[in-house]
Amino acid sequence: KLRNARELTANILLSLGAVLWSIPIATIQAFATSQSLARIPGMGWILALNGGNFGSFINGYLPVVALLGLISILPFLFERIAVVYEKRRTFSEVQESVMGRY
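Quick caveat, the model's predicted, so the values are computed rather than measured. (Residues numbered from 1 in each chain as written. Predicted model: local features only at pLDDT ≥ 70, side-chain atom pairs only at ≥ 80, totals over all residues. Heavy atoms only, no water.)

## Here's the deal with the environment of Asn59
Logical step 1: In this structure, Asn59 sits in helix 5 (residues 53–85).
Logical step 2: Counting along the chain gives 32 residues from Asn59 to Phe91, while the straight-line C-alpha distance between them is 40 Å.
Logical step 3: Excluding residues within four positions of it along the chain, Asn59 makes contact with Thr33, Ser34 and Gln35. (Helix = DSSP H or I, 4+ residues; strand = E, 2+ residues; numbered from the N terminus. Contact = heavy atoms within 4.5 Å.)

## Observations regarding the packing of helix 2 (residues 22–31) against helix 5
Logical step 1: Between helix 2 and helix 5, the least distance of the axes is 9 Å, while the angle of their chain directions is 150 degrees. When the axis of helix 2 is compared with that of helix 5, the two are roughly antiparallel. In the crossing of helix 2 with helix 5, the sense of the turn from one axis to the other is right-handed. Counted together, Pro24, Ile25, Ile28 and Gln29 of helix 2 and Pro63, Ala66, Leu67 and Leu70 of helix 5 form the full contact between these two elements.
Logical step 2: Grouping the amino acids of the contact of helix 2 with helix 5 by side-chain chemistry returns 7 nonpolar, 1 polar and no charged. (Axes fitted to C-alpha atoms, helices over the stretch in contact; angles between N-to-C directions. Parallel < 35°, antiparallel > 145°, perpendicular 65-115°, else oblique. Left-handed = near helix turned anticlockwise from the far one by under 90°. Nonpolar A, V, L, I, M, F, W, Y, C, P; charged D, E, K, R; others polar.)

Dropping the structure here:
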């Protein structure tokens, strides 16, 4: 019974996280640009390298790579929730929980 309550609480909080998912996505889109990187001391060369083409490359790929990095953390987060909060004991229970959420 306690396990079901913990699972329900975890699902509600993860649903809230899904709704608020746009905040980190917007942050990545705002800061993962060559102009943002060039503001870091010593990184101004990014805008001038290869006639500015490297800056265009950064603008095209850095947001995607940052988003993929964020998405790749999710299974580990879901596993941690299943083991620590929901107190799932077997590997198959943990995997079922992770796959159900992912």
